[in-house]
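Read off the chains here:
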Amino acid sequence: MANIFSNQNIQNFYQTAYKKDFARKNLFRVVGIQTGIAGLTFDDTDLVYVTSASLPQRAINNVKVPFMGMSFNVPGTANYPGNDGWKIKFRMPQDLSIRAKLEAWTRVIFNDATTTGAYGLNNLGTIWISLMSKGGQPIRNYKLIGAYCVSMGDYALDVTDAGTIVEQEATIAYQYWENF
């Protein structure tokens, strides 16, 4: 059997890193948020303010199959851990338009003043995320399907602050994701 550690040295590390380089946290774009509700969309001028997000998770359920005192592990169906609370953060433009859209999205889903809402599956949206190369080309794309705004983070105000740019966090639920 070949020594599995034979290629683990500084020169091979450098050569591999030189050829493949490293992924960077800042090379992503949220390229689309469609709410599923007519007239309520996030356009390019909103999406330029996205400062952080994460790629969604996917897992295969493990099914235990007992036999003669042993448990065998058999792959089952897929699930999407964290699909009930995907976080996205925006810098807030001066006109507060992103906050207004998030507020409207939650009110359309359920309006506590009228106890009505558009909380059916046919009103759910889609979010598109692209991972970018250093040259700005999309490398990998994701689509979060069946998305809706679960909550908006607070909007902190402080009269003693020196003028820090305000960030607005939102929590989005989605059903599953696909590559596109």
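Everything here concerns the structure above.
Residues numbered from 1 in each chain as written. Predicted model: local features only at pLDDT ≥ 70, side-chain atom pairs only at ≥ 80, totals over all residues. Heavy atoms only, no water.

J.: Would you take a moment to explain helix H3 (residues 97-109) for this structure?
T.: An α-helical segment advances 3.6 residues per turn. Residues three or four places apart therefore align on the same side. The end-to-end C-alpha distance of H3 is 18 Å, a good match for the 18 Å that 13 residues give at a rise of 1.5 Å each. For H3, the set of buried residues is Ser-97, Ile-98, Arg-99, Lys-101, Leu-102, Trp-105 and Ile-109. Along its buried surface, H3 packs onto strand E1 (28-34), strand E2 (41-42), helix H2 (44-47), strand E6 (86-91), strand E8 (138-152) and strand E9 (167-173). (Helix = DSSP H or I, 4+ residues; strand = E, 2+ residues; numbered from the N terminus. Expected span 1.5 Å × (residues − 1). Buried < 20%, exposed > 50% of the residue type's maximum accessible area, 1.4 Å probe, protein only. Contact = heavy atoms within 4.5 Å.)

J.: In this structure, what is going on with helix H1 (residues 10-20)? I would like to understand it.
T.: When you tally the buried positions in H1, you get one out of 11 residues, a small fraction of the element. Looking one or two residues beyond H1, the residue adopting positive phi is Asp-21, at roughly 60°.

J.: Please explain the pairing of strand E7 (residues 125-132) as it appears in this structure.
T.: The side chains of a regular strand alternate, residue by residue, between the two faces of the sheet. Taking burial as the measure, the eight residues of E7 include six buried ones, the bulk of the element. Where E1 lies against E7, six bridges are found, and the strand directions are antiparallel. Within the sheet, the bridge partner assigned to Gly-32 lies in E7 and is Trp-128. As paired elements, E7 and E8 share eight bridges and run antiparallel to each other. (Pairing = 2+ DSSP bridges.)

J.: Quick question: what am I supposed to make of the environment of Gly-136 here?
T.: As for its placement among the helices and strands, Gly-136 is situated in the loop between E7 and E8. Distance from Gly-136 to Arg-29, taken between C-alpha atoms, is 9.8 Å for residues 107 residues apart in sequence.

J.: Sorry, what's going on with the packing of aromatic side chains here?
T.: Per the stated rule, a full pass over the model turns up eight aromatic pairs. When the centroid spacing of 6.3 Å and the interplanar angle of 40° are considered together, the rings of Phe-13 and Phe-22 count as tilted. With relative accessibility at 54%, the residue Phe-13 sits in the exposed group. By way of ring pairs, the aromatic residues Tyr-80, Tyr-142, Tyr-176 and Trp-177 are connected into one cluster. The positively charged end of Lys-101 is found above the aromatic ring belonging to Phe-42, 5.7 Å away from the centroid. (Phe/Tyr/Trp six-rings, centres within 6.5 Å; stacked < 30°, edge-to-face > 60°. Lys NZ or Arg CZ within 6 Å of the ring centre and 35° of its normal.)

J.: How do you make sense of unusual backbone geometry when you look at a structure like this?
T.: Unusually for a residue other than glycine, Asp-21 sits at a positive phi of about 60°. Here Asp-21 is to be found in the loop between H1 and E1. Judged by its relative accessible area of 33%, Asp-21 is partly exposed. One non-glycine residue, Leu-96, lies in the positive phi region at around 60°. Note that Leu-96 resides in the loop between E6 and H3.

J.: In this structure, what is going on with the side chain of Thr-126? I would like to understand it.
T.: Relative to the elements of secondary structure, Thr-126 occurs in strand E7. The residues contacting Thr-126, other than those within four sequence positions of it, are Gly-32, Ile-33, Gln-34, Lys-143, Leu-144 and Ala-147.

J.: Looking at this structure, I do not really get the nonpolar core. What am I missing?
T.: The nonpolar side chains of soluble globular proteins are, as a tendency, buried together. Among the nonpolar cores identified, the biggest contains 27 residues, and Ile-33, Ile-88, Trp-105 and Ile-127 are the most heavily contacted of them. Of all elements in the fold, only E1, E6, H3, E7, E8 and E9 reach the threshold of two or more residues within this core. Apart from residues no more than four positions distant in its own chain, Ile-88 is found in contact with Val-30, Ile-33, Val-50, Ser-52, Ala-53, Gln-168, Glu-169, Ala-170 and Ile-172. (Core = buried A, V, L, I, M, F, W, Y, C linked by side-chain atoms within 4.5 Å.)

Nothing here speaks to function; it is geometry throughout.
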